[in-house]
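# Chain and residue survey
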Amino acid sequence: MWDYLNMIFRGYVTVSIDSKISVRFFNICRLKRVKISGIESMTDSDEVSFRTSIKNKEMLVKIAEKTGTDIKLEECGLNCICRRIRNKLVILGVFLSVCTILYIQNLFIWRIEITGLDTTGDYAYTNEEISDYLATCNIRTGMLKKDVEKEHIESLIKEKYPKVIWISVYTKGTCLYLDMEVARVYNNYGGASANISDVEKNFMEYCNIVADRDCIIKSIITSNGTPVVSAGDEVSAGDILISGSVSINDDSGDTIRTKQVKASGVIYVYCDVDYDRTYSYSYYSKEPSGETGQYKSIVVGRLRLDMGGEPSGKSFEKRQEQTQVCFFNKMYLPIYIINNNYSGYNLKEAKYTEEELRIIADSDLNYYIDTLQEKGVQIVEKNVKIITVGETLKASGTIRVVTQAGVPAELHEVPATEQ
Amino acid sequence: MLKLKWLNEYIGIPEDVFTANSRVTVLSYRFISIENFKKIICVSEDNIRIKCKKYIVNITGRKLMLQNFTDYEIRITGFISSISYEMI
């Protein structure tokens, strides 16, 4: 049995010889201590076939030469099969290795995509900010997929960023997606704000509406509460505009009790926005030196392999395009291919003419005003002067705008009293 | 020779262990094994002759064939009808 297994694994030779000289052949084999098995007479020809270990192959050839007979050798067994399909085995091995690597890589998160962030509002969060925070909580690329606790991530984000009103965490392939919605409350000049639900949450029961800046009231429409100011009044930041206390009077006009309500209304105000910009006449211009080039870099985990580089000691503008290796649309791997393009430049000091600088200052001011108007602010008056002061051009002044104002403020709960 | 006989008779060690005598083992009528053979003299379907040290084993039958052999043992299968010994 052992001999048989040994022959199968190490390989064996099937030998065919002429039956006429088989006896002599066998006797020589015996003298040379060649083990022979499976001796069979071929029915269709005058030959005898037998098997022997592959290590006796050379010996059999010598014996055949000695006996002057033709010998047919056929290598068989596992060893020979492996040798025959060696190339195919290499391909199979590579294929299996790639499959194994892909499977192992698929167990990890290699990309975190955050979508739905509003970058224009007051509570704008950036992807980097949230990614950095998640990294401090050990939620980063390279973590195991099975360690992703979606509810935990949701609670972490909501705890840290209270203006995130909705979040959905899910994984696809090796990518972790965070879809979120942020409360859209615009800056001080964006009066057309809508979702201030988080702010209001704190004042669900009773609240006042107070001024959030120094301004002049343009109009006030109260839907709940008692208006404290009227159109034309000048108010400072923190002044109550609509009170959450409502007095209930009897027929004679006497106050019989005071009721606490959640003040609400629409208040438009005039306010002045300061504008101040300084421009220098002198500037540095970049003149292309004509030296350009590109090279690729491969980043695998923390390893970076640059296939080239910029000439040292010169100034270059560098542009990088990073592509993460991805299979099957969603299966990202921790391999990045970076395409680096660089172009050389020389710095040259130059000076604007007054006309050029005024055009720049004007376009900046117009851009600023357009941005305000996009946010729903109405421009009433523009008092910005552009003057030359020494070596600089100064654009300064105020822009009077009409905007919605008023924020909920705490109203100390006073139980309704009967008088 | 006396010593060998003594070992065989008194201690019970088989004679083929310490002599070069051949051992012929027959299993039913289908299999025969010969140890310590010298050479194959003739092989055919009806007759196989194997030379041992002191005699030639002559096997007759049908569909006789060598199964395998090593330098000290040969195995023969087939339908064995008779086994005879020719002293050299």
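Our focus in this paragraph is the overall build of chain A. Within chain A, the regular secondary structure consists of nine helices and 23 strands. Every one of the 419 residues in chain A was classed for burial, and the buried ones make up 31%. Intrachain contacts of chain A at a sequence separation of at least 6 include 65% that bridge at least 24 residues. Taken as a whole, chain A presents about 25700 Å² of accessible surface, with 50% of it coming from carbon and sulfur.

This paragraph deals with the overall build of chain B. Looking only at helices and strands, chain B has two helices and six strands in total. Its helices and strands taken in sequence order, chain B reads α-α-β-β-β-β-β-β from the N to the C terminus. Looking at chain B residue by residue over its 88 residues, the buried ones come to 34%. Sequence separation of 24 or more characterises 42% of the internal contacts of chain B that already satisfy a separation of 6 or more. A total accessible area of about 5500 Å² is found for chain B, and carbon and sulfur atoms account for 55% of it.

Here we come to the packing of helix H6 (residues 127–136) of chain A against helix H7 (residues 150–160) of chain A. Residues and elements named next belong to chain A. Two elements in contact, H6 and H7, have axes separated by 11 Å at closest approach and are oriented at 120 degrees. When the interaxial angle is binned, H6 and H7 end up oblique. In this structure, H6 crosses over H7, and the sense of that crossing is right-handed. On the side of H6, the interface is formed by Ile 130, Tyr 133 and Leu 134, while H7 contributes Ile 153, Leu 156, Ile 157 and Lys 160.

What follows is about the sheet that holds strand S17 (residues 303–306) of chain A. All names here are of chain A. Pairing is antiparallel in the open sheet, where four strands are placed in the order S17-S16-S19-S18. What marks the edges here is a single partner per strand, and that holds for S17 and strand S18 (316–327). Averaged over all adjacent pairs, the angle separating strand axes in this sheet is 30 degrees, with direction ignored.

Right, let's talk about the interface of chain A and chain B for a bit. Listed by partner, the interface residues are 13 residues for chain A and 14 residues for chain B. Summed over both sides, the interface between chain A and chain B buries roughly 1200 Å², with carbon and sulfur atoms accounting for 59% of that surface. Of all residues in chain A, the largest losses of buried area upon contact with chain B belong to Val 23, Arg 30 and Ile 39 of chain A, amounting jointly to 49% of the total for that side. Inspection of the chain A/chain B interface yields one salt bridge. Between Arg 33 of chain A and Asp 71 of chain B there is a salt bridge, and its shortest N-O distance comes to 2.5 Å. Remark: the boundary between chain A and chain B carries eight residue pairs in polar contact (both at pLDDT 80 or more). Considering every element that reaches the side of chain A that touches chain B, the biggest residue donor is helix H2 (residues 22–31) of chain A, with five residues. Taken together, the residues of the side of chain A that touches chain B break down into six nonpolar, three polar and four charged.

On to the packing of aromatic side chains, then. Each pair of aromatic rings is reported with the distance of its centres and the angle of its planes. Using the criterion set out here, one finds 12 aromatic pairs over all chains in the structure. Geometrically, the ring pair formed by Tyr 170 of chain A and Tyr 177 of chain A is stacked, given 5.2 Å between the ring centres and 15 degrees between the ring planes. Judged by centre distance (6.3 Å) and plane angle (50 degrees), the ring pair of Tyr 295 of chain A and Tyr 342 of chain A falls under tilted. Residue Tyr 295 of chain A is located in strand S16 (residues 282–300), and its partner Tyr 342 of chain A is located in strand S19 (residues 331–351); the two are separated by 47 residues in the primary sequence. Judged by relative accessible area, Tyr 295 of chain A falls into the buried class, the value being 7%. The rings of Phe 25, Phe 26 and Phe 50 of chain A together with Phe 69 of chain B are connected pair by pair, giving a single aromatic cluster. One cation-aromatic arrangement involves Arg 51 of chain A over Tyr 12 of chain A; the distance from NZ or CZ to the ring centre is 5.9 Å. One Lys or Arg, Arg 277 of chain A, reaches over the ring of Tyr 368 of chain A and ends 5.5 Å from the middle of that ring.

This part covers the pairing of strand S8 (residues 207–210) of chain A. Residues and elements named next belong to chain A. Here S8 shows a buried face lined by Cys 207 and Ile 209 and a second buried face lined by Asn 208 and Val 210. Relative to strand S22 (residues 407–410), S8 runs antiparallel, the two sharing four bridges. The residue bridging Val 210 from the neighbouring strand is Val 407, located in S22. With two bridges connecting them, S8 and strand S12 (residues 240–243) associate as antiparallel partners. The partner of Val 210 across the bridge, within S12, is Ile 240.

Let us look at the sheet that holds strand S4 (residues 72–76) of chain A. All names here are of chain A. Taken together, the four strands give an open sheet; going across it, the order is S2-S3-S1-S4, and neighbouring strands pair in antiparallel fashion. What marks the edges here is a single partner per strand, and that holds for strand S2 (37–41) and S4. Averaged over all pairs of adjacent strands, the angle between strand axes in this sheet comes to 20 degrees, irrespective of strand direction. Taken together, the seven bridges between strand S1 (residues 12–18) and strand S3 (residues 47–53) define a ladder with antiparallel strand orientation. Across the sheet, residue Tyr 12 finds its bridge partner in S3, namely Ser 53. Sitting on the sheet, helix H3 (residues 57–67) is in contact with S1, S3 and S4, with an inclination near 170 degrees to S4.

It is worth spelling out the packing of H2 of chain A against H3 of chain A at this point. Residue and element names in this part refer to chain A. Orientation of H2 relative to H3, taken along the N-to-C sense of each, is 135 degrees, at an axis distance of 10 Å. Relative to H3, H2 is oriented oblique. Between H2 and H3 lies a crossing of right-handed hand. Across the interface between the two elements, Arg 24, Phe 25, Ile 28 and Cys 29 from H2 touch Leu 60, Ile 63, Ala 64, Lys 66 and Thr 67 from H3. Its residues assigned to classes, the contact of H2 with H3 shows six nonpolar, one polar and two charged.

With that settled, consider the nonpolar core. Within the largest apolar cluster, 34 residues are counted, with the highest numbers of intra-cluster contacts made by Phe 25, Phe 26 and Phe 50 of chain A together with Ile 34, Ile 40 and Phe 69 of chain B. If you list the elements that add at least two residues to this core, you get S1, H2, S3 and H3 of chain A together with strand S2 (31–35), strand S4 (47–51), strand S5 (55–69) and strand S6 (73–87) of chain B. In terms of residues, this core owes the most to one element, S5 of chain B, which gives six residues. Cys 215, Cys 271, Leu 393 and Ala 405 of chain A belong to the second-largest nonpolar core, a separate cluster that totals 29 residues.

Another point: the confidence of the model for chain A. Taken residue by residue, chain A gives an average pLDDT of 82. The fraction at 70 or more is 91%. In the predicted structure, residues 186–200 of chain A sits below a pLDDT of 50 and forms 36 contacts with residues beyond four places in sequence or in another chain.

Reading the values: rules and limits
- Residues numbered from 1 in each chain as written.
- Chains lettered and ligands numbered in written order.
- Predicted model: local features only at pLDDT ≥ 70, side-chain atom pairs only at ≥ 80, totals over all residues.
- Heavy atoms only, no water.
- Helix = DSSP H or I, 4+ residues; strand = E, 2+ residues; numbered from the N terminus.
- Buried < 20%, exposed > 50% of the residue type's maximum accessible area, 1.4 Å probe, protein only.
- Contact = heavy atoms within 4.5 Å.
- Areas by Shrake-Rupley, 256 points an atom, 1.4 Å probe, with all protein chains shown as cover.
- Axes fitted to C-alpha atoms, helices over the stretch in contact; angles between N-to-C directions.
- Parallel < 35°, antiparallel > 145°, perpendicular 65-115°, else oblique.
- Left-handed = near helix turned anticlockwise from the far one by under 90°.
- Pairing = 2+ DSSP bridges.
- Buried area = accessible area lost by both parts, 1.4 Å probe.
- Salt bridge = Lys/Arg side-chain N within 4 Å of Asp/Glu carboxyl O.
- Polar contact = N/O pair within 3.5 Å; in protein donor to acceptor, adjacent residues only side chain to side chain.
- Nonpolar A, V, L, I, M, F, W, Y, C, P; charged D, E, K, R; others polar.
- Phe/Tyr/Trp six-rings, centres within 6.5 Å; stacked < 30°, edge-to-face > 60°.
- Lys NZ or Arg CZ within 6 Å of the ring centre and 35° of its normal.
- Core = buried A, V, L, I, M, F, W, Y, C linked by side-chain atoms within 4.5 Å.
- pLDDT = per-residue confidence, 0-100.

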